[in-house]
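# A closer look at the structure
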Amino acid sequence: MAEKPEDLNLPLTVVTRIVKEALPSGVSISKEARTGLAKAASVFVLYVTSAATNIVKNKKRKALTGQDVIDAMKDIEFDRFVEPLGEALEHYKTMASARKSASMKKKDEQEDAEVIEDD
């Protein structure tokens, strides 16, 4: 757990980058607004995490999953985000699986190369 409440805030640089990407060109944002958005985003993340944790506890599990976060979004009535989050989760799983397959293939190729060198 965090030692200080400030430890729970999202990094201001990350929030600034996200906000700048979302703003139209030529529009700037004040430091005060960036700080406010960072705190609001941090509160939102904590709120969703709390809701997802309740789901995990009710299911008598210890690990929080991406699906728990999606279910929490439904529970806290952020339904308009459920579909995009579900798509993002599936994309993440596909990419993670592809990376794992590529890593396993590379490892197998290295092992095959070592066997050939030993002969």
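The shown structure was predicted, so the numbers you read here are calculated from the model rather than taken from an experiment.

### Some thoughts on helix α1 (residues 12-22)
Every buried residue of α1 is accounted for by Val-15, Thr-16 and Val-19. Down the axis, α1 shows its buried residues gathered within 100 degrees of arc, on one side only. In α1, the exposed positions angled more than 90 degrees off the buried face are occupied by Thr-13, Arg-17, Ile-18 and Glu-21. Check the buried side of α1 and you find it contacts α2 (31-58).

### Focus on the pattern of salt bridges
Counted according to the given criterion, the structure contains three salt bridges. For Asp-71, the salt bridge goes to Lys-59, with nearest N and O atoms at 3.9 Å. With a gap of 12 residues between them, Asp-71 in helix α3 (residues 66-75) and Lys-59 in the loop between α2 and α3 connect regions that are remote in the sequence. For Asp-71, a relative accessible area of 18% translates into the label buried. One salt bridge connects Asp-68 with Arg-61, and the closest N-O pair in it is separated by 2.6 Å. Looking at Asp-68, the relative accessible area reads 1%, which means it is buried. Arg-61 gets classed as partly exposed once you look at its relative accessible area, which sits at 30%.

### Notes on the nonpolar core
Within the largest apolar cluster, 10 residues are counted, these being Val-48, Ala-51, Ala-52, Ile-55, Ile-70, Ala-72, Met-73, Ile-76, Val-82 and Leu-89. When contributions to this core are tallied by element, the ones reaching two or more residues are α2, α3 and α4 (82-118). Ranked by residue count, the leading element in this core is α2, at four residues. Not counting chain neighbours up to four residues away, the residues in contact with Met-73 comprise Phe-44, Val-48, Phe-78, Asp-79, Phe-81, Val-82 and Leu-85.

### Notes on the environment of Leu-8
Mapped onto the elements of the fold, Leu-8 is located in the segment before α1. Each C-alpha atom, one on Leu-8 and one on Val-43, is 8.6 Å from the other, the two residues being 35 residues apart in sequence.

Basis of the calculations
- Residues numbered from 1 in each chain as written.
- Predicted model: local features only at pLDDT ≥ 70, side-chain atom pairs only at ≥ 80, totals over all residues.
- Heavy atoms only, no water.
- Buried < 20%, exposed > 50% of the residue type's maximum accessible area, 1.4 Å probe, protein only.
- Helix = DSSP H or I, 4+ residues; strand = E, 2+ residues; numbered from the N terminus.
- Arc of directions from axis to C-beta.
- Contact = heavy atoms within 4.5 Å.
- Salt bridge = Lys/Arg side-chain N within 4 Å of Asp/Glu carboxyl O.
- Core = buried A, V, L, I, M, F, W, Y, C linked by side-chain atoms within 4.5 Å.

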